[in-house]
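Structural characterization, general
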Amino acid sequence: MQTLVVPLLPNLPRMLDTSPADASWVVTATLLSGAVCTPVMGRLGDMFGKRRILVVSLGLMVAGSVLCALSDSLLPMVGGRLLQGASFGVIPLGISIMRDELPPAKLGSSIALMSATLGIGGAIGLPVAALIAQNADWHMMFWAAGAIGALDIVLVLLLVPESPLRLPGRFDFAGAGGLSVGLVALLLAITKGADWGWGSAVTLGLLGLAVVVLLGWGWLELRTAQPLVDLRVSARPQVLFTNLASVVVGFAMFAQSLVFPQVLMNPESTGYGLGKSMVVAGLCMAPSGIVMMLISPLSARLSAAYGPKVSLLAGTLVIAIGYACSVFMLDAIWKIVAMTVLSAVGVALAYAAMPSLIMQAVPIGETGSATGLNTLMRSIGTSTSSAVIGVVVANLTMRSGGREFPSHAAFTTSLWLGCGAAVVGLCVALFIPGRKPVEAAQIPARKRTENSEAVPTAT
């Protein structure tokens, strides 16, 4: 869902008969919807059944895909992309289901792979979307996404069991509303600040609103018996520092997605561009997804042997090394592919470790909401990365062939920022408490009959 419309971005204003600024809402809408839906869907899954809410998330994504496929104007397209954002909750829901259902021997590698799909899907989706956009009507991308989502629903209903565990109580509507308003204000300011002006009244007003609302939301959550997000649990060092590391790792991961395709596609007349098509650029990014798929089980073994903190430290270190090397390796396709692969190894190690760190520190009944919050932190990191690098690219430019392009310095600066973010992630990860033995929190819920905070109910 994040990379689906990337091949269309240059032509969206013409396709939807709108301005470039308004066309950017096709991307922003999904980001905002996903940020809100991720923690909410995780909490609903804990309370009403994870498989049930998983099917709801996929159903909304299918509805959004169909709406986009039938759209030729901006408003229905943005509406469809809002619905597609509901699919972001699939990751924390999937991790929660695995925690409930899988035997301990398979849990680590399965969760590692599920977490890494946050990078795998984007890496594989980009070339697939580019191939469809280049060789068929662009609406086919959305029909294909809807068909895959419908197939997912069938497979979930046939193959995924529903956990009998439920978190008792009522849903925190006030907490969900407060978090939604605060996140929308924050992410709107981050993603649209470059267009509106970072010093504009709208941007500053949204940032101020986000601060006020999120502080009020935190005060409310601490006084709610059954909050959407248990901030006392989230304040535990293992959860807090893992979530902070997620923000900066998300920033670092997304930086290469913004830099490498542009270097590959910009014309050779710029002095650094390689003049390749969007399809070729997408194919060059695809190996990173395959590498993440292969590395994730190895990360789980590393976490089992030495603890997930070690995996996170190793991942951030590899990302930093990959970015530092890539600054000097932008002059050939094979070098760029090698750097994307190296960075992908680091991302897979880091992303695979984060759910294990979270689950070691949270009660079984809060798995969905806790992993949802962690996924949200990664999304905030990618959003911030897009905004910061967008400012760098917009301000460091050159002219070639009568057109304006980002300069070589814009891309090297962006890569150094990605390297710096990975180093910050490494430093943050050092504060995470050391390795813990396998605890009850890591054992599937169906295997436990005592000391659980969740309540089994008939389904």
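Let me sum up the structure you'll find in this document. As the structure is a computational prediction, the values presented were derived from the model and not from experiment.

**A look at the packing of aromatic side chains**
Here the structure, examined in full by the defined rule, presents five aromatic pairs. On the basis of an interplanar angle of 80° and a centroid distance of 5.0 Å, the ring pair of Phe-171 and Phe-173 is categorised as edge-to-face. Ring plane angle 70° and centroid distance 5.5 Å describe the contact between Tyr-272 and Phe-411, whose orientation is recorded as edge-to-face. With Tyr-272 in the loop between helix 12 (237-265) and helix 13 (278-306) and Phe-411 in helix 17 (residues 408-429), this pair connects stretches of sequence that are 139 residues apart. No difference in accessibility class separates Tyr-272 from Phe-411, as the two residues are buried. One cation-aromatic arrangement involves Arg-378 over Tyr-351; the distance from NZ or CZ to the ring centre is 4.4 Å.

**Quick look at helix 9 (residues 173-196)**
In helix 9, a bend of some 40° at Ile-190 exceeds every other bend along the element. Looking one or two places after helix 9, you find Gly-197, whose phi comes out positive at around 100°.

**Side note on the packing of helix 9 against helix 10 (residues 201-222)**
Between two packed helices, the angle of one axis relative to the other and the distance separating the axes together describe the packing. As a packed pair, helix 9 and helix 10 sit with axes 8 Å apart at the nearest point and diverge in direction by 155°. Here helix 9 lies roughly antiparallel to helix 10, going by the angle between them. Considering only the axes of helix 9 and helix 10, their crossing is left-handed.

**Concerning the nonpolar core**
By size, the foremost hydrophobic cluster in this structure holds 53 residues, and its most contacted members are Phe-260, Leu-312, Ile-319, Tyr-323, Ile-336 and Leu-415. Elements with a contribution of two residues or more to this core: helix 7 (104-135), helix 12, helix 13, helix 14 (308-326), helix 15 (333-361), helix 16 (367-395) and helix 17. Considering each element in turn, this core owes the most residues, 12 residues, to helix 15. Formed by 45 residues, the second largest nonpolar core is a distinct cluster that contains Val-62, Ile-97, Leu-373 and Ile-380.

Analysis parameters
Residues numbered from 1 in each chain as written. Predicted model: local features only at pLDDT ≥ 70, side-chain atom pairs only at ≥ 80, totals over all residues. Heavy atoms only, no water. Phe/Tyr/Trp six-rings, centres within 6.5 Å; stacked < 30°, edge-to-face > 60°. Helix = DSSP H or I, 4+ residues; strand = E, 2+ residues; numbered from the N terminus. Buried < 20%, exposed > 50% of the residue type's maximum accessible area, 1.4 Å probe, protein only. Lys NZ or Arg CZ within 6 Å of the ring centre and 35° of its normal. Bend = angle between axes of the 7 residues up to and from the residue. Axes fitted to C-alpha atoms, helices over the stretch in contact; angles between N-to-C directions. Parallel < 35°, antiparallel > 145°, perpendicular 65-115°, else oblique. Left-handed = near helix turned anticlockwise from the far one by under 90°. Core = buried A, V, L, I, M, F, W, Y, C linked by side-chain atoms within 4.5 Å.

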